[in-house]
Amino acid sequence: MHELSIAQSIIERVEAIRAEHEASGIASVQLQVGTLSGVDPYALELAFSVAVERTLYADTRWDIESVVARVKCRTCGRTTAPDGPFPICMNCDSTDIAIVTGRELMIDTIEVKQDEEKNHV
Amino acid sequence: MCDECGCGDVDHTHTNDPSHDHDHGHSHGHSHGHSHDHDEKVVLSVREKVLARNEELAAKNRLWLAEHNVTAVNLISAPGTGKTFLLERTLERLQGRVGCAVITGDQQTDNDAKRLAGKGAPVRQIETQSACHLEAQRVGDLFEEVIQDETRILFIENVGNLVCPTAFDLGENFKIALLSVTEGEDKPLKYPALFSLAPVTIVTKTDLLPHLDFDMEACRENLRKVHPGMFVFELSAKSGDGLDGWIDYLEKLG
Ligand SMILES: [Zn+2]
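Residues numbered from 1 in each chain as written. Chains lettered and ligands numbered in written order. Predicted model: local features only at pLDDT ≥ 70, side-chain atom pairs only at ≥ 80, totals over all residues. Heavy atoms only, no water.

> How should I be thinking about the overall build of chain A in this particular structure?
Broken down by element type, chain A carries three helices and six strands. Counting from the amino terminus, chain A carries its helices and strands in the arrangement α-β-α-β-β-β-β-β-α. In terms of overall dimensions, chain A is more spread out than a globule: its C-alpha atoms have a radius of gyration of 18 Å, far above the 14 Å expected for 121 residues. Taken along its principal axes, the extent of the C-alpha atoms in chain A is 60 × 35 × 15 Å. Among the 121 residues that make up chain A, the fraction classed as buried is 50%. Put simply, 70% of the contacts in chain A that link residues at least 6 apart link residues at least 24 apart. (Helix = DSSP H or I, 4+ residues; strand = E, 2+ residues; numbered from the N terminus. Rg over C-alpha atoms; globule rule 2.2 N^0.38 Å. Buried < 20%, exposed > 50% of the residue type's maximum accessible area, 1.4 Å probe, protein only. Contact = heavy atoms within 4.5 Å.)

This is how it looks when you write it as structure tokens:
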């Protein structure tokens, strides 16, 4: 299950960003996971629940946004959203396509907690 | 300037969700005790790829390999496709003709490395322990050890798993998917992430075809559905059928 090592690398980056901003904690993290990224959002959620145990991030909320696949067809030129698990043009059934979205695996935003005093220095 | 706190940072937004004010009270020892009313939340826009670090290292590996005139292939399959056995036969056939090297990932034992040793190609093993895939750093760390002046092809034998290794770029020139005829012809449709990335698929254990209900034509169709123009080898490392085409291909690659 590579979701666990992905969760761990996300936590490492979040920790680095928290330290950089001298924040006291992280309220939430918004992630984007494409349907073609090879990462299962449910497995990732489960991985977080294991990986954050006894860390500063035990109460952090991990919001996983699924990014729907969109493909641009080289045959008919249209951009469509395939409904199946593999990239195919929904207009003409062509498989000669370029993937526009769906491969994302990104940290989008991080909601850090800061003490008010520190914030106004 | 930020309207709410006047801190001059235009890139953040505030959330005022009072229900969260006391949620995190005791998990991270504040030196000043209970002043949580003063905590405020700031949203930072990060927009960063999770595997950015691995991708940087993979790019470094790719450059190194190109400078040393080595073509690297990343072999990915489910457990039990006969990947190591095919690699044994391949090294034997290429010995003295094309300089080869092998990096193999194994979750527990060093059996794979032993099986591949003594066939004219340096072999190094990465013990991945619980990890289900290889990462760019550990692969790149072995280049100097395993690659010699005459090395033209580096085989990276990934951990037996169809899903996880697909997400981690190692800096290889391309991925090769392996699929045994015992697995069923619908595998490419079930694991489109790998099969859409790999330009080459090897269908292995074709000597078993007479005993199985495997539809090779449907398999080829499924592969090309997921990946138009997919290059497909059908072979048996055991009987040697189809092996010549694969070896020819590698000789041209090297
Ligand atoms: Zn089309």
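> Even after reading the chapter, I still don't get the layout of surface pockets, so can you show me in this structure?
Gaps left between atoms show up when a probe the size of a water molecule is rolled over them. Roughly 660 Å³ of internal volume is contained in the largest pocket. Lining the largest pocket we find 29 residues, and of these S5(A), S9(A), H133(B), E135(B) and F168(B) sit closest to its centre. Mapped onto the lining of the largest pocket, the elements with two or more residues apiece are α1 (2–20) of chain A together with α1 (52–67) and α4 (136–141) of chain B. Tallied by class, the residues present in the lining of the largest pocket amount to twelve nonpolar, ten polar and seven charged. (1 Å grid on protein atoms, 1.4 Å probe; cavity = no way out; pocket = protein on both sides within 12 Å on 5 of 7 lines; lining within 4 Å. Points joined across faces, edges and corners; volume = space filled by probe spheres on them. Nonpolar A, V, L, I, M, F, W, Y, C, P; charged D, E, K, R; others polar.)

> Would you explain helix α9 (residues 243–253) of chain B in this entry?
One full turn of an α-helix is made of 3.6 residues, so residues set three or four places apart face in the same direction. Residues and elements named next belong to chain B. Taken as a whole, α9 has its buried residues at L243, W246, I247, Y249 and L250. Take α9 and look down its axis: the buried residues cluster within an arc of 160°, on one side only. Buried positions along α9 lie against α2 (83–94), β6 (151–157), β7 (174–180), β8 (200–204) and β9 (231–234). (Arc of directions from axis to C-beta.)

> I would appreciate a short explanation of the sheet that holds strand β5 (residues 97–101) of chain A in the present structure.
Residues and elements named next belong to chain A. The three strands are arranged β4-β3-β5 in an open sheet whose pairing can be described as antiparallel. Both outer strands of the open sheet, β4 (79–80) and β5, are each paired with one neighbouring strand and no more. Relative to β4, strand β3 (residues 70–73) runs antiparallel, the two being bridged by two bridges. Along β4, the bridge assignment pairs V71 with T80. (Pairing = 2+ DSSP bridges.)

> Before we go on, may I ask you to explain the coordination of the zinc ion in this structure?
By definition of the ideal shapes, four donors in a tetrahedron about a metal sit 109.5 degrees apart, and six donors in an octahedron sit 90 or 180 degrees apart. All names here are of chain A. Coordination of the zinc ion by the protein is provided by C73 (SG), C76 (SG), C89 (SG) and C92 (SG), with metal-donor distances spanning 2.3 to 2.4 Å. Considering all four donor atoms around the zinc ion, angles at the metal cover 104 to 116° and the coordination shape is tetrahedral. Donor residues binding the zinc ion come from one chain and are separated in sequence as C-x2-C-x12-C-x2-C. Taken together, the positions of C76 in the loop between β3 and β4 and C92 in the loop between β4 and β5 put the pair 16 residues apart, joining distant regions of the chain. C92 sits in the partly exposed class, given a relative accessible area of 32%. (Donors = N, O, S within 2.8 Å, 3.2 Å for Na, K, Ca; no water. Tetrahedral: all angles 85-135°; square planar, octahedral: opposite > 155°, others 65-115°.)

> Help me out: how do you make sense of α2(B) in this one?
All names here are of chain B. Between its terminal C-alpha atoms α2 stretches 16 Å, which fits the 16 Å expected from twelve residues at 1.5 Å a residue. Those residues of α2 that fall on the buried side of the exposure criterion are K83, T84, L86, L87, E88, T90, L91 and L94. Taken from the residues just after α2, G96 is the one with a positive phi, measuring 80°. (Expected span 1.5 Å × (residues − 1).)

> Would you explain the sheet that holds β8(B) in this entry?
Backbone hydrogen bonds are what pair the strands of a sheet, in a parallel or an antiparallel way. Residue and element names in this part refer to chain B. As summarised here, the arrangement of the seven strands in space is β5-β4-β6-β3-β7-β8-β9, forming an open sheet in which the pairing is parallel. Each edge of the open sheet carries a strand with a single partner, namely β5 (123–127) and β9. If you compare each strand with its neighbour and ignore which way they point, the axes differ by 20° on average. Sitting on the sheet, α2 touches β3 (71–77), β4 (99–106), β6, β7 and β8, and the angle it makes with β6 is about 170°. (Axes fitted to C-alpha atoms, helices over the stretch in contact; angles between N-to-C directions.)

> I would appreciate a short explanation of unusual backbone geometry in the present structure.
In most cases, non-glycine residues show a negative phi, while peptide bonds are predominantly trans. All names here are of chain B. In this structure, N69 is a non-glycine residue whose phi angle is positive, near 60°. In this fold, N69 is placed in the loop between α1 and β3. Phi at K205 is positive, roughly 60°, even though this residue is not glycine. Relative to the helices and strands, K205 resides in the loop between β8 and α8 (216–226).

> Help me understand empty space enclosed by the protein in this model?
Residue and element names in this part refer to chain B. Per the counting criterion, the structure on display carries two cavities of 30 Å³ or more. Considering only enclosed or pocket space, the second largest cavity measures out at about 30 Å³ in volume. L75, K83, L86, L87, T90, L178, I202 and W246 together form the lining of the second largest cavity. Here the element with the most residues in the lining of the second largest cavity is α2; it accounts for four residues.

> What's the story with the side chain of K83(B) in this structure? I'm lost.
All names here are of chain B. Here K83 lies in helix α2. Despite being buried, K83 has no salt bridge partner; E157 is the closest side chain of opposite charge, sitting 4.9 Å away. Discounting residues that sit within four places of it in the chain, K83 has contacts with L75, S77, E157, N158, V159, G160 and L178. (Lys, Arg positive; Asp, Glu negative; His and termini not counted. Salt bridge = Lys/Arg side-chain N within 4 Å of Asp/Glu carboxyl O.)

> Explain the nonpolar core here, please?
The tendency in soluble globular proteins is for nonpolar side chains to be buried as a group. Counting residues in hydrophobic clusters, the biggest one holds 30 residues, and the most contacted among them are I6(A), I10(A), W62(A) and I110(A). Put simply, the parts of the chain that give this core at least two residues each are α1, β1 (25–34), α2 (41–51) and β6 (105–115) of chain A together with β2 (39–49) of chain B. No other element matches α1(A), which puts six residues into this core. Among all residues touching I6(A), those that are not within four sequence positions of it are V39(A), L44(A), L105(A), V50(B), L51(B) and F168(B). Membership of the second largest hydrophobic core comes to 28 residues, among which are L86(B), L91(B), A121(B) and A237(B). (Core = buried A, V, L, I, M, F, W, Y, C linked by side-chain atoms within 4.5 Å.)

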